[in-house]
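Per-entry structural report
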Amino acid sequence: MTSQKNQSITLKIAVVGDVHDQWEVEDGIALKHLGVDLVLFVGDFGNESVEVVRAIASVEIPKAAVMGNHDAWFTATEWGRKKCPYDRSKEDWVQEQLDLLGSAHVGYGKLDFPAWNLTVVGGRPFTWGGTEWRFADICKERYGVTSLEESAEKITAAVKSAASDTIIFLGHNGPSGLGDRPEDPCGKDWHPIGGDFGDPDFGEAISRTIAAGKNIPLVTFGHMHHALRHTKVLRKPIFRSPEGIIYLNAASVPRIVENDDQKLRNFSLVSLEAGVVTQASLVWVGDDYQVASEEILYERSPSVVQPA
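Here is a short report on the structure shown in this document. (Residues numbered from 1 in each chain as written. Predicted model: local features only at pLDDT ≥ 70, side-chain atom pairs only at ≥ 80, totals over all residues. Heavy atoms only, no water.)

**Focus: a negative patch on the surface**
Judged by side-chain charge, E26, E258, D260, D261, D287 and D288 come together as a negatively charged surface patch. On the secondary structure map, D287 appears in the loop between β12 (276-285) and β13 (291-299). Overall, D287 belongs to the partly exposed group, its relative accessible area being 42%. (Patch = residues over 30% accessible without salt bridge, like charges linked within 9 Å, V, L, I, M, F, W, Y side chains within 5 Å. Areas by Shrake-Rupley, 256 points an atom, 1.4 Å probe, with all protein chains shown as cover. Salt bridge = Lys/Arg side-chain N within 4 Å of Asp/Glu carboxyl O. Lys, Arg positive; Asp, Glu negative; His and termini not counted. Charge placed at Lys NZ, Arg CZ, Asp CG, Glu CD. Helix = DSSP H or I, 4+ residues; strand = E, 2+ residues; numbered from the N terminus. Buried < 20%, exposed > 50% of the residue type's maximum accessible area, 1.4 Å probe, protein only.)

**Considerations on the pairing of strand β4 (residues 110-113)**
Taking every second residue as pointing to the same face, the buried face of β4 carries L111 and F113, while none of K110 and D112 on the other face is buried. Bridge count for β4 against strand β5 (residues 118-122) is four bridges, and the pairing is antiparallel. Within the sheet, the bridge partner assigned to D112 lies in β5 and is T119. Hairpin geometry of β4 and β5 is characterised by an intervening segment of four residues between the two adjacent antiparallel strands and by a positive phi of about 55° at N117. (Pairing = 2+ DSSP bridges.)

**Re the nonpolar core**
Core analysis: the biggest nonpolar cluster contains 51 residues, and W23, L31, F45, F169 and V219 have the highest contact counts within it. Residues in contact with F169, not counting those within four places in the same chain, are V121, I155, V159, F202, A205, I206, T209, I216, L218, V219 and T220. Residues V66, I168, L218 and Y298 belong to the second largest nonpolar core, which totals 31 residues. (Core = buried A, V, L, I, M, F, W, Y, C linked by side-chain atoms within 4.5 Å. Contact = heavy atoms within 4.5 Å.)

**Description of the sheet that holds strand β6 (residues 166-170)**
Spatially, the six strands line up as an open sheet ordered β4-β5-β6-β7-β9-β8, and their pairing is mixed. Unpaired on one side and paired on the other, β4 and β8 (238-240) mark the two borders of the sheet. Taking each pair of neighbouring strands and ignoring which way they run, the sheet shows an average axis angle of 15°. Pairing of β6 with strand β7 (residues 215-221), which is carried by four bridges, proceeds in the parallel orientation. Following the sheet pairing, I168 is matched in β7 by L218. Across the sheet, helix α8 (residues 200-211) lies against β6, β7 and β9 (246-249), angled at about 175° from β6, the strand it touches most. (Axes fitted to C-alpha atoms, helices over the stretch in contact; angles between N-to-C directions.)

**Re the pairing of β5**
Of all five residues that make up β5, five are buried, and the element is covered over most of its length. By the alternation rule, side chains of β5 split into L118, V120 and G122 and T119 and V121, which are all buried.

Written as structure tokens, this is what we have:
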């Protein structure tokens, strides 16, 4: 039985978008200054960048992560293996990353946070995105998954094993069903322009979880960068479904920029109150670890009090 205490908990969650080798000691310090309770990493730490993952794994805040396509860049495809900068018969940088993250890696798995009545469930690790079954070798060899249907089943199995009925989904790429325009959260922004490039297996697993009566306050991901390739228009980073689920694309890339002689680093922040998202924003933190700017992406409307 869920306690009244758990029901009333307020959490401050940071979502770190695609890192692409932009992670510094100051990022961990910034997270502490932001006072977050939980950090979610959407992957693409770099091209099998073991040292970046090592630094992220050392962050002393509760965390969960999934791996992105770049995190298996030299392993998942024949093209990548030909360009591999290390001897794959002697080293396995993909496994090194997974070992460093340990239980924090939730791809095809889950991590329970009983004190918060919350479980984080991961989508397909190393996903490239879209309806085509890409990175087939790594999915088969590492997880025994050979199709989108099997992938949806594996994500759903993680949901069924969750200790909590409140589920946050964490993916590298987002689910299908969020729109087919280039500027939609998972819209295709390269030629031919347009089309839904979300993961159908992720979308199916979320649908099954809704049908099972679970509470899903947040689905967060990256992969599809905010800055579109074909125009100067920015991608729509957030979508609220009819069920009240907040879908958040956190991939503001580059996540560290130089501005007015200081570095600014971005984080997406989500407030979760009693299992409901009340606010989501994109913040830029300066050298003094203070929020230099904040863009409110979503704010829950105040509940209308019904007369007695």
